Amino acid sequence: MLCLGIETSCDETAVALVNDGQLIDQRLASQIDVHAVFGGVVPEIASREHLRILPTLFRELVKENGVDPQEIDTVAVARGPGLLGALLIGLSFAKALSLSCNARLVGVNHLWAHLLASGLERSIPFPAMGLLVSGGHTHTYRIGSPVEFDLLGKTLDDAAGEAFDKVAKTLNFPYPGGKYVDMLAQGVEPDKKLFPRAFIDNPSLDFSFSGLKTAVAVYVQAHQEVVLPHMGEGDCAAFLEALSPEAREHVACICASFNWSVADTLRIKVERALKKTGHVKSLVVAGGVAANSIIRKTMADLADRYGLQLVLPSLGLCTDNASMIAYAGELLAQNGFEHDLTLEAIPRGRIVPMDWLIRRGG
Ligand code: KG4
Ligand code: ZN
């Protein structure tokens, strides 16, 4: 089954072709530079950029792979959660394409797609425990199969990625700063008493990261010498040269200690979820923050202790991409699920409905 995936839920415009679980090719245009000057994604600009870039990316992808659009069996599109205006660009494109190519239309839950992405690289043993850590979400799921997700815990305020980005912004790192916090934390011993691991002294499976973010902000406020002189763009390492060696060491310790607090909070909640849900075969960690080296190591240790297979996507598959949308969409289509032209976009904060139509004999 030839499946085209379309991703426009935030600030990456992407298209990909998957055939029977194998990635054929993909194209991705990041808008990071456009939004960096504002220190965050500007929704209106994101929509306009998707509208400008998506047709070109699609044309390039099919042309360079010798694919006639009429050969596409399924058009899979990220239908949420995400920025509403941004999603609508992808959805409109997908609907028009499915109509003109007589292809099946499948709306894909962006969060499920993140968790299934590793299936492009290896098989995922089900049932699985899923941890999704991205810029907008921190969720745990029991995943029974590629089409059965039970939400166990979620963040009550900031997502893990949001906390990384806000801490980075407090330090004047370039946007999005999660990877710079990770980079500076490498090989540095964390001070485990410096910042709290929030919302762990209760039986809940939910997360809260806003207190931790505030704790870092308050600490930095009292230690202004660690803040970069002005908001960095591009290479963070070059900006760090502006700090004294002591301040550089101090900022590295802040990053390592904050990163440890996040990683250990995630470890505690996932461990608690494992104890509650009983037998699973694997631990799947996904989303942009799954690129974090300390979180990867923490989850590897946890999987090891529980005798679970650790399923981690390669770094390119962690952040937003269309390969995961095409792959998840193909799995849905293979299970007989599809949508019609009434498919809706779902903004952040709303549960993505399982409103598929079931294709007879599908
Ligand atoms: O999944 P994603 O690409 O977009 C959303 O759907 O939100 O995740 C983006 C998030 C950003 O917050 C970014 O700073 C964070 O992932 N991120 C990282 C790392 N690489 C990306 N956070 C911590 N460490 C990293 N190495
Ligand atoms: Zn994402």
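Residues numbered from 1 in each chain as written. Chains lettered and ligands numbered in written order. Predicted model: local features only at pLDDT ≥ 70, side-chain atom pairs only at ≥ 80, totals over all residues. Heavy atoms only, no water.

1. As for the overall build of the protein
Now for step 1: When you go through the protein residue by residue, the secondary structure sums to 12 helices and 12 strands.
Now for step 2: Over its C-alpha trace the protein gives a radius of gyration of 21 Å, about what one expects of a compact globule, namely 21 Å for 362 residues.
Now for step 3: The principal-axis extent of the C-alpha atoms belonging to the protein is close to 65 × 45 × 30 Å.
Now for step 4: Across the protein, every contact between residues at least 6 apart in sequence was considered, and the portion connecting residues at least 24 apart equals 73%.
Now for step 5: Here the protein holds 32 positive side-chain charges and 41 negative ones, and the gap between their average locations is 6 Å. (Helix = DSSP H or I, 4+ residues; strand = E, 2+ residues; numbered from the N terminus. Rg over C-alpha atoms; globule rule 2.2 N^0.38 Å. Contact = heavy atoms within 4.5 Å. Lys, Arg positive; Asp, Glu negative; His and termini not counted. Charge placed at Lys NZ, Arg CZ, Asp CG, Glu CD.)

2. Some thoughts on the coordination of the zinc ion (ligand 2)
Now for step 1: Taken together, H110 (NE2), H114 (NE2) and D320 (OD) make up the protein donors of the zinc ion (ligand 2), found 2.0 to 2.2 Å from the metal.
Now for step 2: Relative to the metal, the four donor atoms surrounding the zinc ion (ligand 2) lie at angles of 93 to 147°, and the coordination shape comes out irregular.
Now for step 3: Of note, the zinc ion (ligand 2) draws all its donor residues from one chain, in the sequence arrangement H-x3-H-x205-D. In this pair, H110 and H114 both sit in helix α4 (residues 110-116), four residues apart, roughly one turn of the helix. (Donors = N, O, S within 2.8 Å, 3.2 Å for Na, K, Ca; no water. Tetrahedral: all angles 85-135°; square planar, octahedral: opposite > 155°, others 65-115°.)

3. Considering the site of ligand 1
Now for step 1: In the vicinity of ligand 1, 19 residues are found, and the nearest of them are G135, D165, D182, G288 and N292.
Now for step 2: In this structure, G136 approaches ligand 1 through a main-chain N or O atom, which is 3.3 Å from an oxygen atom.
Now for step 3: In the model, an oxygen atom of ligand 1 is placed 3.3 Å from a nitrogen or oxygen of the G161 main chain.
Now for step 4: About the coverage of ligand 1: the protein hides 88% of its 550 Å² of free accessible area.
Now for step 5: When atom positions are compared with the pocket grids, ligand 1 is found to occupy the largest pocket.
Now for step 6: At the level of secondary structure, the elements contributing two or more residues to the shell around ligand 1 comprise α4, α5 (160-170) and α6 (178-185).
Now for step 7: When grouped by side-chain class, the residues that make up the shell around ligand 1 number four nonpolar, 11 polar and four charged.
Now for step 8: For the shell around ligand 1, the two domains that each supply at least three residues are domain 1 (2-118 + 317-358) and domain 2 (127-312). (Near = heavy atom within 4 Å. Polar contact = N/O pair within 3.5 Å; in protein donor to acceptor, adjacent residues only side chain to side chain. Areas by Shrake-Rupley, 256 points an atom, 1.4 Å probe, with all protein chains shown as cover. 1 Å grid on protein atoms, 1.4 Å probe; cavity = no way out; pocket = protein on both sides within 12 Å on 5 of 7 lines; lining within 4 Å. Sits in = over half its atoms within 2 Å of the grid points. Nonpolar A, V, L, I, M, F, W, Y, C, P; charged D, E, K, R; others polar. Domains from an automatic or database assignment.)

4. With respect to the nonpolar core
General note: in soluble globular proteins, nonpolar side chains tend to be found buried as a group.
Now for step 1: Formed by 51 residues in total, the largest nonpolar core has its most connected members in F173, F258, V262, L266, L283 and M299.
Now for step 2: Broken down by secondary-structure element, the contributors of at least two residues to this core are β6 (128-133), α5, α6, α7 (210-221), α8 (236-240), α9 (245-277), β9 (282-286) and α10 (293-305).
Now for step 3: Excluding anything up to four places from it in sequence, V262 contacts A160, F164, F209, L212 and I295.
Now for step 4: One finds W112, I325, Y327 and A333 within the second-largest nonpolar core, a separate group that totals 34 residues. (Core = buried A, V, L, I, M, F, W, Y, C linked by side-chain atoms within 4.5 Å. Buried < 20%, exposed > 50% of the residue type's maximum accessible area, 1.4 Å probe, protein only.)

5. Side note on helix α3 (residues 84-101)
Now for step 1: An ideal rise of 1.5 Å per residue puts 26 Å on 18 residues; α3 measures up with 25 Å between its terminal C-alpha atoms.
Now for step 2: Among the residues of α3, those classed as buried are A86, L87, I89, G90, L91, A94, K95, L97, S98 and C101.
Now for step 3: Packing partners of the buried residues in α3 comprise β1 (2-7), α2 (43-64), β4 (74-80) and β5 (104-109).
Now for step 4: Directly after α3, the chain includes N102, whose backbone phi takes a positive value near 55°. (Expected span 1.5 Å × (residues − 1).)

6. A look at the packing of aromatic side chains
Both the distance between ring centres and the angle between the ring planes are used here to describe each pair of aromatic rings.
Now for step 1: Enumeration according to the criterion identifies eight aromatic pairs in this entry.
Now for step 2: Judged by centre distance (5.0 Å) and plane angle (75°), the rings of F164 and F258 are edge-to-face. Pair noted here: F164 is in helix α5 and F258 is in helix α9, with a separation of 94 residues, a long-range link.
Now for step 3: Accessibility expressed as a relative area gives 2% for F164, which makes it buried. (Phe/Tyr/Trp six-rings, centres within 6.5 Å; stacked < 30°, edge-to-face > 60°.)

7. Concerning the packing of α2 against α3
Now for step 1: Where α2 meets α3, the closest approach of the two axes is 8 Å, and the angle between their N-to-C directions is 30°. Of the possible angle classes, the one that applies to α2 and α3 is roughly parallel. Note on packing geometry: the crossing formed by α2 with α3 is right-handed. Across the interface between the two elements, S47, H50, L51, L54, P55 and F58 of α2 pack against G85, A86, I89, G90, F93 and L97 of α3.
Now for step 2: The class makeup of the residues in the contact of α2 with α3 is eight nonpolar, four polar and no charged. (Axes fitted to C-alpha atoms, helices over the stretch in contact; angles between N-to-C directions. Parallel < 35°, antiparallel > 145°, perpendicular 65-115°, else oblique. Left-handed = near helix turned anticlockwise from the far one by under 90°.)

8. Structural notes on the sheet that holds β6
Now for step 1: Spatially, β8-β7-β6-β9-β10 is the arrangement adopted by the five strands of the open sheet, whose pairing is mixed. Where the open sheet ends on each side, the last strands, each with one partner, are β8 (148-154) and β10 (309-311). Geometrically, the sheet is characterised by an average inter-axis angle of 20° between neighbouring strands, direction not taken into account.
Now for step 2: Relative to β10, β9 runs parallel, the two being bridged by three bridges. In the sheet register, S282 faces β10, and the bridge partner there is Q309.
Now for step 3: Most of the contacts of α9 go to β6, to which it runs at about 155°, and overall it touches β6, β7 (138-145), β8 and β9. (Pairing = 2+ DSSP bridges.)

9. Digging into the pairing of strand β3 (residues 22-30)
Now for step 1: Two elements, strand β2 (residues 12-19) and β3, share eight bridges in a ladder whose sense is antiparallel. Paired with N19 across the strands is Q22, a residue of β3.
Now for step 2: Here β2 hands over to β3 after two residues, with D20 in that stretch at a positive phi of 50°.

10. Comments concerning helix α12 (residues 323-334)
Now for step 1: With 12 residues, α12 ought to run about 16 Å at 1.5 Å a step, and its terminal C-alpha atoms sit 16 Å apart, in line with that.
Now for step 2: When you tally the buried positions in α12, you get 11 out of 12 residues, the bulk of the element.
Now for step 3: Within α12, burial applies to S323, M324, I325, A326, Y327, A328, G329, E330, L331, L332 and A333.
Now for step 4: Of the residues flanking the end of α12, it is G336, one or two places downstream, whose phi is positive at about 90°.

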